Amino acid sequence: MMRGLIALAVLIVAGVLKLPVERDLTTLHRQEHFGGVEFNLDLREKIGQLGFIAALSGFRAIVADALFIQAYSAWENTEWGRMLLLFRHVTTLQPHVLLFWDKAQREYFAMGKDLLERGIKNNPDRPELYEALARLYKEKYKDHESASEYYAKAAALPGAAPWDRRFSAYELSYCEGREREAYERLRHLYDEGPRERLPTLIKRLKFLEDKLGIPQDQRIPDTGPLKR
């Protein structure tokens, strides 16, 4: 049994070294602390009998690396269920390796994006899905241009939330090179009346006025409604 496990470990290591992994996992093992994993029946159920025996035999890091490679492959093939399962195994075996947690988080974002895109394809008239995808781009990817685009798509549909237009303009105001377009959209909202003159809208408008060098007589007032 021990010889078989050692042979398995050698094969796994050889495979890992041949794959185009961006990080040197061996270096990470030397740098990170690997203690604190409780070897019990719950762990055995998660990683299977062979992986559990290998972990008990001192090959826990090698098993985690092999599972990590498999999880990355599952991500590339959009096999989301398998990817989730494998990342849970990896982080259970090596809970102190930050690379594994960071990578898992990023792939969860990718999974969410893929699911929302599929949802939109099957329900193109539902503004909630476009809004959810806009939030994902905004909060997780920090992609303001895509967030603006999907808020705008949500706003164009019946039943859209009243704030989708504003959020689309807000996000556009953070996009380098699109400040003029964002300014015009925010100013249009401002000119619709007091209900649109919210603190964030006014703040972004004033920022764009300064950045674009808008003449003083064309700027919104510092306080109170715009006088015509």
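Please read these numbers as outputs of a predicted model, since none were measured by experiment.

1. Some thoughts on the overall build of the protein
So, step 1. On a plain count of helices and strands, the protein comes out with 10 helices and 0 strands.
So, step 2. Going residue by residue from the N terminus, the α and β elements of the protein occur as α-α-α-α-α-α-α-α-α-α.
So, step 3. Counting over 228 residues, the protein shows a buried share of 41%.
So, step 4. Long-range pairs, those at least 24 residues apart, make up 54% of the contacts in the protein with a sequence separation of at least 6.

2. Comments concerning the nonpolar core
So, step 1. In terms of nonpolar packing, the biggest core is built from 14 residues, with Tyr183, Leu186, Tyr190, Leu201, Leu205 and Leu208 touching the most fellow members.
So, step 2. Going through the elements one at a time, helix 8 (164–172), helix 9 (179–191) and helix 10 (199–212) are the ones with two or more residues in this core.
So, step 3. In contact with Leu186, other than residues within four places in its own chain, are Ala169, Tyr170, Ser173, Leu201, Arg204, Leu205 and Leu208.

3. Looking at the packing of helix 6 (residues 127–141) against helix 7 (residues 144–155)
So, step 1. Closest axis-to-axis distance for the helix 6/helix 7 pair is 8 Å, and the angle between their directions is 165°. Classed by the angle they form, the pair helix 6 and helix 7 counts as roughly antiparallel. Along this stretch, helix 6 crosses helix 7, giving a crossing that reads as left-handed. Each of Pro127, Tyr130, Glu131, Leu133, Ala134, Arg135, Tyr137 and Lys138 in helix 6 lies in contact with helix 7, whose residues at this interface are Ser146, Ala147, Tyr150, Tyr151, Lys153 and Ala154.

4. Considerations on the side chain of Ser146
So, step 1. When you line up the elements, Ser146 lands in helix 7.
So, step 2. In this structure Ser146 comes out as buried when scored by relative accessible area, which is 17%.

5. Structural notes on the environment of Arg166
So, step 1. Along the chain, Arg166 turns up in helix 8.
So, step 2. For the pair formed by Arg166 and Leu189, sequence separation is 23 residues and the distance between their alpha carbons is 7.6 Å.

6. Thoughts on helix 7
An α-helix turns once per 3.6 residues; consequently, residues spaced three or four apart project the same way.
So, step 1. For helix 7, which comprises 12 residues, the first-to-last C-alpha distance of 16 Å matches the rise-based estimate of 16 Å (1.5 Å per residue) to within 8%.
So, step 2. Looking at helix 7, one finds that the buried residues are Ser146, Ala147, Ser148, Tyr150, Tyr151 and Ala154.
So, step 3. Regarding helix 7, its N-cap is Asp143, as a side-chain oxygen of that residue lies 3.4 Å from the backbone nitrogen of Glu145 further along.

7. With respect to helix 8
So, step 1. Here helix 8 lies mainly inside the structure; 7 of its 9 residues are buried.
So, step 2. Buried residues of helix 8: Asp164, Arg166, Ser168, Ala169, Tyr170, Glu171 and Leu172, and no others.
So, step 3. Those residues of helix 8 that are buried are in contact with helix 6, helix 7, helix 9 and helix 10.

8. A look at the pattern of salt bridges
A pair can form between side chains of opposite charge whenever their charged atoms are brought close.
So, step 1. Inspection of every chain in the model, using the stated rule, returns 16 salt bridges.
So, step 2. Residue Arg165 pairs with Glu192 through a salt bridge whose shortest N-O separation is 2.9 Å. Separated by 27 residues along the polypeptide, Arg165 in helix 8 and Glu192 in the loop between helix 9 and helix 10 bring together distant segments of the chain.
So, step 3. Judged by relative accessible area, which is 37%, Arg165 ranks as partly exposed.
So, step 4. The shortest N-O distance in the salt bridge between Glu181 and Arg185 comes to 3.9 Å. A residue pair is termed a helical-turn pair when its members lie 3 or 4 positions apart in one helix, as Glu181 and Arg185 do in helix 9 at 4 residues.
So, step 5. For Glu181, a relative accessible area of 32% translates into the label partly exposed.
So, step 6. What you see here is one network of salt bridges that share partners, running through Glu145, Arg178, Glu181 and Arg185.

9. Let's talk about unusual backbone geometry
So, step 1. You will see that Lys142, though not glycine, has its phi angle at about 55°, which is positive.
So, step 2. Inspection of the secondary structure puts Lys142 in the loop between helix 6 and helix 7.
So, step 3. On the basis of relative accessibility, which here comes to 57%, the residue Lys142 falls in the exposed class.

10. As for the confidence of the model for the protein
So, step 1. Predicted confidence across the protein gives a mean pLDDT of 74, with 61% of residues reaching 70 or more.
So, step 2. Every residue in residues 1–47 is under pLDDT 50, and counting partners more than four places away or in other chains gives 61 contacts.

11. Some points on the packing of helix 7 against helix 8
For any two helices packed against each other, the geometry comes down to the angle between their axes and how far apart the axes lie.
So, step 1. In contact at an axis separation of 8 Å, helix 7 and helix 8 are set at 160° when each is read in the N-to-C sense. When the axes of helix 7 and helix 8 are compared, the pair comes out roughly antiparallel. Viewed along their axes, helix 7 and helix 8 form a crossing whose handedness is left-handed. Counting all contacts with helix 7, which are made through His144, Ala147, Ser148, Tyr151, Ala152, Ala154 and Ala155, the residues of helix 8 involved are Asp164, Arg165, Phe167, Ser168, Glu171 and Leu172.

Each value, and the rule that gives it
Residues numbered from 1 in each chain as written. Predicted model: local features only at pLDDT ≥ 70, side-chain atom pairs only at ≥ 80, totals over all residues. Heavy atoms only, no water. Helix = DSSP H or I, 4+ residues; strand = E, 2+ residues; numbered from the N terminus. Buried < 20%, exposed > 50% of the residue type's maximum accessible area, 1.4 Å probe, protein only. Contact = heavy atoms within 4.5 Å. Core = buried A, V, L, I, M, F, W, Y, C linked by side-chain atoms within 4.5 Å. Axes fitted to C-alpha atoms, helices over the stretch in contact; angles between N-to-C directions. Parallel < 35°, antiparallel > 145°, perpendicular 65-115°, else oblique. Left-handed = near helix turned anticlockwise from the far one by under 90°. Expected span 1.5 Å × (residues − 1). Polar contact = N/O pair within 3.5 Å; in protein donor to acceptor, adjacent residues only side chain to side chain. Salt bridge = Lys/Arg side-chain N within 4 Å of Asp/Glu carboxyl O. pLDDT = per-residue confidence, 0-100.

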